[in-house]
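Close look at the chain arrangement
Here is how the chains run, residue by residue.
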Amino acid sequence: MKTDSPFREIDPQSDHVLVRFEEEDLMLPLGENLAGALLVAGVMPFRHTPVSGAPRGPFCMMGACYDCLVLIDGMTVQACMLQVAEGMKVGMPSADRVHDV
Ligand code: FES
């Protein structure tokens, strides 16, 4: 789901590449932090918890909270630990692949 975002790009003139989040095509700044770029693009939530279904998105931005988990190439990974790359296909992890944290 895409929402209005309170976040802004540091350098809007930088190179942007096509990234897909779920079924939506986004142009994100190449090499920027993936979690930050998705927040700027208005993506929220990144996932839902498997037990309660509560929405989750980046919190710590330093790899500690795991609230930014996304699915890339079949792997559940922390978006805040990755850089934007051309052609990334990002999705929400399925509930049975993520433990409530
Ligand atoms: S935002 Fe906390 S681990 Fe990514």
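The paragraphs below set out a description of the structure included in this document. These numbers come from a predicted model, not from an experiment.

1. Structural notes on unusual backbone geometry
Across residues other than glycine, the phi torsion is negative in most instances, and most of the peptide bonds are trans. A cis amide bond links M44 with the next residue in sequence, P45, at an omega value of 0 degrees. A positive phi is found at E22, a non-glycine position, where the angle reads about 55 degrees. In this structure, E22 sits in the loop between β1 (16-21) and β2 (24-29). Of note, D73 is a non-glycine position whose phi angle comes to about 50 degrees, a positive value. Mapped onto the secondary structure, D73 falls in the loop between β5 (69-72) and β6 (75-78). With relative accessibility at 72%, the residue D73 sits in the exposed group.

2. What to know about the layout of surface pockets
Empty space among the atoms becomes apparent when a probe as large as a water molecule is rolled across them. Size it by volume and the largest pocket reaches roughly 200 Å³. Lining the largest pocket are 13 residues, with R8, E9, I10, E32 and V40 positioned closest to its centre. Of all the elements, helix α1 (residues 34-40) adds the most residues to the lining of the largest pocket, at four residues. For the lining of the largest pocket, the residue count by class is six nonpolar, three polar and four charged.

Conventions adopted
Residues numbered from 1 in each chain as written. Predicted model: local features only at pLDDT ≥ 70, side-chain atom pairs only at ≥ 80, totals over all residues. Heavy atoms only, no water. Helix = DSSP H or I, 4+ residues; strand = E, 2+ residues; numbered from the N terminus. Buried < 20%, exposed > 50% of the residue type's maximum accessible area, 1.4 Å probe, protein only. 1 Å grid on protein atoms, 1.4 Å probe; cavity = no way out; pocket = protein on both sides within 12 Å on 5 of 7 lines; lining within 4 Å. Points joined across faces, edges and corners; volume = space filled by probe spheres on them. Nonpolar A, V, L, I, M, F, W, Y, C, P; charged D, E, K, R; others polar.

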